[in-house]
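This is what each chain is made of:
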Amino acid sequence: MSRRRQSISPVKTRVIFVYETGNYDTNNGIILHIISHRHSKGGSITMISVDHQVALERLSGILDGGLDFHDQKSGNAVHRIHAFPAKFPPQIPRTFIQSLTDPGDTVLDPMMGSGTTVLESFLLGRKAIGYDVDPLSVLLSKTKTTPIHQEEALALSKEIVRRANDAFYRWRKEIEAELCVFWDEKTRDFVNYWFSRDVQIALKSILNEIERIEDEDLKDFFKICFSAIIITKTGGISLALDLAHTRPHRVRSAIDWNGNVIGQYSEAGFPPGMFHLKRIRSPFEEFERRCRQNLMFIRDISSGTRQTDFFTPFEEQTERITPHVSYGDAQNIPLASSCIDLVVTSPPYAMNAIDYMRAHKFSLVWLGYSISNLTTQRKKYIGSEGVMDGYSHSLPGGVMESVERLDRKKGLALYKYYSEMKNVLTETFRVLKPGGTAVFVVGDSTIRGQCLHIPEHLCAIGKSIGFSSPLIGTRRLDRNRRMMPASTKIRRMHEEYVLVFSKPSSVSPGSADAPQSSG
Ligand SMILES: C[S@@+](CC[C@H](N)C(=O)[O-])C[C@H]1O[C@@H](n2cnc3c(N)ncnc32)[C@H](O)[C@@H]1O
């Protein structure tokens with residue numbers, strides 16, 4: 001195996017060292033591990049192959065430019081219309097989109113979450129495509145990029161609240177009867193456990209008014225406002241004490257918006273020292289407040305076809321192109337080969353660290369999804385629970401060794417994650433144009449003090465598929481800002497990693513359109 005070490009070039013501040021990992025096949029170039037270091041002042045040494053030097057210098061320049069973005073404003077309030085776990089800062093996709101694409105180019109996020117990449121691409125005049133298996137993600141990403149008529153929406157929000165409030169008092173019995181047939185038994189049990197009776201009646205009366213709206217864009221906007229009053233860190237108007245942690249807890253007792261005690265609930269195994277009483281705010285007031293707030297947040301994208309943020313010079317402001325967002329599995333991207341200029345995405349953490357569905361089902365049950373349906377959806381999530389049958393050893397050597405070093409159960413779970421990520425990387429490679437770039441923001445974990453080296457392993461997998469010279473940049477997490485899971489036996493690092501994969505400009509015949517089958 002020959003390694004071409006072409007040059008030793010000083011790279012600026014944050015990059016302090018680069019290493020070639022001996023474990024991996026390096027025929028196609030080398031894996032560079034770039035570690036950022038806050039205290040580093042000096043230059044560093046990189047060893048790069050001739051073929052990739054120019055591209056690598058450009059990409060490592062981006063990674064070198066700093067990716068923490070703490071204490072910086074995100075630049076667009078639209079990102080704030082609904083809570084979502086583990087969002088990445090908008091500056092990450094914005095940096096790569098501005099550096100690597102031109103207006104009119106196509107940017108994909110195959111696991112779009114709250115739609116950060118989709119929105120940034122839209123604001124910068126790129127064609128944005130986004131997929132996710134989470135129905136809330138699809139609704140949220142669509143709403144964030146759909147201009148609506150501000151005054152009409154404001155008037156409508158007041159009308160919804162007036163009529164729903166009226167129905168709450170006048171048609172209570174009828175709404176209760178509707179609630180009895182609205183869900184199957186399992187879903188109804190879930191709703192009865194997590195929502196007080198009065199909140200259920202109030203939510204159903206608001207929902208009935210939303211359903212009356214004919215304009216689909218306005219209807220979706222109000223559904224997001226509706227969902228946003230339930231999914232908050234503190235569980236919103238539900239009886240959940242918090243929804244930011246892996247397992248929500250129900251409050252012991254609650255007081256409603258009129259000061260009445262509306263429930264005495266007992267919860268075995270409740271964590272000691274937690275506050276057991278919750279004040280449930282009026283769903284009508286919460287909804288109206290949220291509509292007003294979200295209308296302000298969304299004003300920027302509703303104000304015209306040009307960007308209006310202060311961060312982009314006027315000459316760079318471009319016409320916006322309606323994004324395509326829909327349900328879709330990143331392991332089977334519904335796109336033709338070689339049509340994407342740039343991918344910017346962040347997959348779920350390994351080992352089911354964030355159970356998106358656990359929180360999202362609190363509002364999705366109101367938006368027409370049953371618990372069984374959501375349980376089926378959940379199996380499609382990358383990193384979800386469950387294991388694959390045995391190992392097929394289709395992953396590169398270093399990766400398999402690390403999996404086998406773990407105890408069997410954890411090893412199989414990690415193997416499942418890597419196999420799914422291999423499918424995602426294979427699909428990403430297929431849809432990228434030759435010369436295109438894919439940016440994956442990923443976390444790492446430790447088990448019993450042992451680092452799992454997930455970024456390096458994903459790079460090795462990417463390289464085995466055909467990506468050349470993956471780069472790894474490091475960013476510190478701002479834990480104050482992010483909705484992160486509580487720590488479990490698996491410890492998350494206080495950093496995350498920005499992996500940059502390049503598809504070679506000339507791909508040998510057949511390889512782009514016929515990616516390797518994954519194990
Ligand atoms: C870390 S979040 C993405 C956050 C996003 N970057 C943002 O800023 O909001 C990961 C997303 O991957 C989605 N996901 C998980 N498995 C998927 C799959 N097989 N196909 C598509 N999306 C998937 C989850 O639903 C979740 O929304």
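Coordinates for the structure precede this section.
Below, the structure is looked at part by part. Residue indices begin from 1 for each chain and proceed along its sequence in written order. Note on the predicted model: pLDDT of at least 70 is required for a residue's local features to be given, and 80 or more for side-chain atom pairs to be given and counted; whole-chain, interface and lining totals, by contrast, use all residues. Only heavy atoms go into the side-chain values, all of them from the structure, while hydrogens and water stay out.

## A word on the pairing of strand S10 (residues 340–345)
Here is step 1: Buried, partly exposed and exposed residues are distinguished by accessible area as a fraction of the type maximum, computed with a 1.4 Å probe on protein chains only: under 20%, between the cut-offs, and over 50%, respectively. The numbering of helices and of strands both runs from the N terminus, where a helix is a DSSP run of H or I of at least 4 residues and a strand a run of E of at least 2. Counting buried residues along S10, 6 of its 6 residues qualify, which places the element largely inside the surrounding structure.
Here is step 2: By the bridge criterion, 2 bridges tie strand S4 (residues 106–109) to S10 in an arrangement that is parallel. When the bridges of S10 are listed, Val107 appears paired with Leu342.
Here is step 3: The rule for pairing is simple: two strands pair if DSSP sees at least two bridges between them. The pairing of S10 with strand S11 (residues 432–447) spans 5 bridges and is parallel. Each residue of the ladder has a partner; that of Val343, found in S11, is Ala438.

## Describing the packing of aromatic side chains
Here is step 1: Two aromatic rings from Phe, Tyr or Trp, using only the six-membered ring of Trp, form a pair when their centres are within 6.5 Å; if the ring planes differ by under 30 degrees the pair is stacked, by over 60 it is edge-to-face, and anything between is tilted. In the structure shown here, the tally under the stated rule is 19 aromatic pairs.
Here is step 2: Centroid distance Phe226 to Trp366: 6.3 Å. Interplanar angle 70 degrees. Geometry classified as edge-to-face. In this pair, Phe226 is assigned in helix H9 (residues 216–228) and Trp366 in the loop between helix H12 (356–364) and helix H13 (371–378), connecting sequence segments 140 residues apart.
Here is step 3: Arranged with centres 5.7 Å apart and planes meeting at 90 degrees, the rings of Phe440 and Phe501 form a pair that is edge-to-face. Of this pair, Phe440 sits in strand S11 while Phe501 is found in strand S14 (residues 490–502), placing the two residues 61 residues apart along the sequence.
Here is step 4: Exposure remark for Phe440: the relative accessible area of 1% places this residue in the buried category.
Here is step 5: Under the relative-accessibility criterion, Phe501 is labelled buried at 1%.
Here is step 6: Every member of this aromatic cluster is reached through a ring pair, and the members are Phe182, Trp183, Phe190, Tyr193, Trp194, Phe195, Phe226, Phe362 and Trp366.
Here is step 7: Lying across the ring of Phe168, Arg172 places its NZ or CZ 5.4 Å from the centre.
Here is step 8: Two thresholds decide whether a charge sits over a ring: the Lys NZ or Arg CZ must be within 6 Å of the ring centre and within 35 degrees of the ring normal. In this arrangement the basic side chain of Lys503 is found over the ring face of Phe429, its NZ or CZ atom lying 4.8 Å from the centre.

## Focus: the site of the ligand
Here is step 1: In the region of the ligand, 23 residues are neighbours, and Ser114, Thr116, Asp132, Asp329 and Ser346 sit closest.
Here is step 2: Think of a polar contact as two N or O atoms within 3.5 Å of one another; within protein, one of them needs to be a possible hydrogen donor and the other a possible acceptor, and neighboring residues in sequence only count if both atoms come from side chains. Contacts to the ligand include Ser346, whose side-chain N or O atom sits 2.8 Å from a nitrogen atom.
Here is step 3: Ile382 places a polar main-chain atom, nitrogen or oxygen, 2.9 Å from a nitrogen atom of the ligand.
Here is step 4: All accessible areas in this document rest on Shrake-Rupley with a 1.4 Å probe, and a residue is counted as covered only by the protein chains that are shown. Within the complex, 99% of the 600 Å² of free accessible area of the ligand lies under protein.
Here is step 5: A class-by-class count of the residues in the shell around the ligand yields 13 nonpolar, 5 polar and 5 charged. Any residue with at least one heavy atom within 4 Å of a molecule or strand is counted as near it. In this count, Pro and Cys sit with the nonpolar residues alongside Ala, Val, Leu, Ile, Met, Phe, Trp and Tyr, while Asp, Glu, Lys and Arg are called charged and the others, Gly among them, polar.

## What about helix H14 (residues 397–405)?
Here is step 1: Of all the residues in H14, the buried ones are Gly398, Val399, Met400, Ser402 and Val403.
Here is step 2: Looking at the buried residues of H14, the elements they touch are helix H15 (408–431) and helix H16 (454–465). We call two residues contacting when some pair of their heavy atoms lies within 4.5 Å.

## What to know about the environment of Gly235
Here is step 1: In this structure, Gly235 sits in the loop between H9 and strand S6 (253–255).
Here is step 2: Residues Gly235 and Trp194, spaced 41 residues apart in sequence, show a C-alpha to C-alpha distance of 9.7 Å.
Here is step 3: With sequence-adjacent residues up to four places away left out, Gly235 is seen in contact with Ile230, Ala240, Asp242, Leu243 and Lys278.

## Overview of the pattern of salt bridges
Here is step 1: Here, a salt bridge means any side-chain nitrogen of Lys or Arg that lies within 4 Å of a carboxyl oxygen of Asp or Glu. Applying the stated criterion to the full structure yields 20 salt bridges.
Here is step 2: Between Glu120 and Arg94 there is a salt bridge whose closest N-O contact spans 2.8 Å. One end of the pair, Glu120, is in helix H3 (residues 116–123); the other, Arg94, is in helix H2 (residues 91–100), and 26 residues separate them in sequence.
Here is step 3: With a closest N to O distance of 2.4 Å, Asp355 and Arg378 form a salt bridge. Here the residue Asp355 occupies a position in the loop between S10 and H12, and Arg378 occupies one in helix H13, the gap between them amounting to 23 residues.
Here is step 4: Taking relative accessible area as the criterion, Asp355 reaches 9% and is therefore assigned buried.
Here is step 5: Salt bridges here are not isolated pairs; linked through shared partners, they connect Lys142, Asp217 and Asp220.

## Focus: the side chain of Glu496
Here is step 1: Here Glu496 is to be found in strand S14.
Here is step 2: There is a polar contact of 2.5 Å between the side chain of Glu496 and the side chain of Arg475.

## Focus on the nonpolar core
Here is step 1: Among buried residues, those of type Ala, Val, Leu, Ile, Met, Phe, Trp, Tyr and Cys that are joined through side-chain atoms within 4.5 Å constitute a nonpolar core. Ranked by internal contacts, the top residues of the largest apolar core, which has 71 residues, are Phe195, Leu203, Phe222, Phe226, Ile230, Phe287 and Trp366.
Here is step 2: Among the elements that make up this core, the one with the highest residue count is helix H8 (residues 197–212) (7 residues).
Here is step 3: Annotation comment: domain bounds sourced from an automatic or database domain assignment. Each of two domains, domain 1 (25–133 + 309–353 + 371–502) and domain 2 (150–297), supplies a minimum of three residues to this core.
Here is step 4: If we ignore the near neighbours within four places in the chain, the residues touching Trp366 are Leu179, Phe182, Trp183, Val191, Phe195, Gln200, Leu203, Lys204, Leu207, Phe226 and Ile230.
Here is step 5: By size, the runner-up hydrophobic cluster in this structure holds 43 residues, among which are Ile333, Val442, Leu452 and Leu458.

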